[in-house]
Amino acid sequence: MKWYTRKGDSGRTSIIGGRVRKDDVRVEAYGTIDELNSFVGLAEAALRREDRLGDLADELLLIQQELFDCGSDLAYADKPEVFKMSMEPVERLERQIDALDGEAPPLARFILPGGSEAAALLHVCRTVCRRAERRAATLAAEKPVNDAVPAYLNRLSDWFFVAARAVNARLGVRDTEYARSADVFRRPDPPSPGK
């Protein structure tokens, strides 16, 4: 197979429906998802080295599949009959976020991205995911998109944050608070007796 075509040398690329500039909003959106997917692969390899993190490494492989689905849906934005993403993966991530959140100590202040290497890589995934979400929002302002894709990216960035904290907790590594942070995360007050 020949891996180069020379067709992109002029700064244009082929998408479904024709050719566009390589910085077209659609190409930016699914290109950023592709970038995220590469960082997820790096994080999966790091988590796989720790037996205590095998379940999260398995989840990252599933997330990689779903990110391909997201990219495909953004490429096929005008053909909803071929969409692959639904709200089911969003709901699965929400259930996991709730479960993983219970593994780490309560949080009151902002934390620095880091701790263990595995957690730091998940924070990189979180920030690239937020950028992918912004690119998808830009695309959605101009063209129709599958609503499940922005919802998935939003929930996925939350998942990466909570998973990074759970990884540090499992490995016995403390999260480092941002030194000048106010108390920004407040848990709801428990109900008063008699109410």
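Up top you'll find the structure we're talking about.
Counting restarts for each chain: residues are numbered from 1 in the order of the written sequence. Reporting of local features is limited, given that this is a predicted model, to residues whose pLDDT is at least 70; pairs of side-chain atoms are given and counted only at 80 or more, and all residues count toward the totals for whole chains, interfaces and linings. Only hydrogens and water are set aside when side-chain values are computed; all heavy atoms of the structure are taken into account.

Enquirer: Talk me through the environment of Ala140; I want residue IDs and the actual numbers.
Expert: Here a strand is any run of E in DSSP of at least two residues, a helix any run of H or I of at least four, and the numbering for each starts at the N terminus. If you trace the backbone, Ala140 turns up in helix α4 (residues 117–142). Overall, Ala140 belongs to the partly exposed group, its relative accessible area being 37%. Separated by 114 residues in sequence, Ala140 and Arg26 place their C-alpha atoms 9.3 Å apart. A 1.4 Å probe rolled over the protein chains alone gives each residue an accessible area, and that area as a share of the maximum for its type sets the label: buried under 20%, exposed over 50%, partly exposed in between.

Enquirer: Which residues make up the nonpolar core, and what values do they have?
Expert: Each nonpolar core is a collection of buried residues, namely Ala, Val, Leu, Ile, Met, Phe, Trp, Tyr and Cys, held together in the definition by side-chain atoms within 4.5 Å. In this structure, Leu156, Trp159 and Phe160 are the most contacted members of the largest nonpolar core, which totals 45 residues. Breaking this core down by element, the ones donating at least two residues are α1 (25–48), α2 (54–75), α3 (88–101), α4 and α5 (148–171). Examining the composition of this core, we find that 13 residues originate from one element, α5, more than from any other. In what follows, residue pairs with any heavy atoms lying within 4.5 Å of each other are defined as contacts. Those residues within four positions of Trp159 in sequence are excluded, and the remaining contacts are Leu56, Glu59, Leu60, Ile63, Leu93, Gln96, Ile97 and Leu100.

Enquirer: Just give me the short version of the side chain of Asn168, but keep the residues and values in it.
Expert: Note that Asn168 resides in helix α5. A residue is classified by how much of its surface remains accessible, and Asn168, at 0% relative accessible area, is buried. Two N or O atoms count as a polar contact when they lie within 3.5 Å, although within protein this holds only if one can serve as hydrogen donor and the other as acceptor, and sequence-adjacent residues are included solely when both atoms are side-chain atoms. Separated by 2.9 Å, the side chains of Asn168 and Ser116 make a polar contact. When residues no more than four places from it in sequence are discounted, the contact partners of Asn168 are Gly114, Gly115, Ser116, Ala119, Val173 and Asp175.

Enquirer: Let's hear about the packing of aromatic side chains: which residues, and what values?
Expert: Aromatic contacts are taken between Phe, Tyr and Trp rings whose centres are within 6.5 Å, Trp giving its six-membered ring; a plane angle under 30 degrees counts as stacked, one over 60 as edge-to-face, and the others as tilted. Enumeration over the complete set of coordinates arrives at 2 aromatic pairs. Relative to Phe185, the ring of Phe110 has its centre 5.6 Å away and its plane inclined at 80°; by these criteria the two rings are edge-to-face. Residue Phe110 is located in the loop between α3 and α4, and its partner Phe185 is located in the segment after α5; the two are separated by 75 residues in the primary sequence. Phe110 gets classed as partly exposed once you look at its relative accessible area, which sits at 44%. With relative accessibility at 34%, the residue Phe185 sits in the partly exposed group. Both rings, one in Trp159 and one in Phe160, keep their centres 5.6 Å apart while their planes meet at 75°; by these two values the pair is edge-to-face. On the accessibility criterion, Phe160 (0% relative accessible area) is buried.

Enquirer: Give me the lowdown on the packing of α1 against α4, citing residues and values where you can.
Expert: Note on definitions: angles span 0 to 180 degrees between N-to-C directions of axes, and those axes are lines fitted to C-alpha atoms, for helices only across the stretch in contact. Taken N-terminus to C-terminus, the directions of α1 and α4 make an angle of 165°; their axes are 8 Å apart at the nearest point. Between α1 and α4, the angle is such that the two are roughly antiparallel. α4 is crossed by α1, and the crossing has left-handed handedness. Under this grouping Gly is polar, as are all residues other than the nonpolar Ala, Val, Leu, Ile, Met, Phe, Trp, Tyr, Cys and Pro and the charged Asp, Glu, Lys and Arg. Tallied by class, the residues present in the contact of α1 with α4 amount to 20 nonpolar, 2 polar and 6 charged. Geometric relationships in this document are graded by angle, where less than 35 degrees denotes roughly parallel, more than 145 denotes roughly antiparallel, 65 to 115 denotes roughly perpendicular, and other angles denote oblique. Crossings are classed by handedness, with left-handed meaning an anticlockwise turn of the near helix from the far one by less than a right angle and right-handed meaning a clockwise turn.

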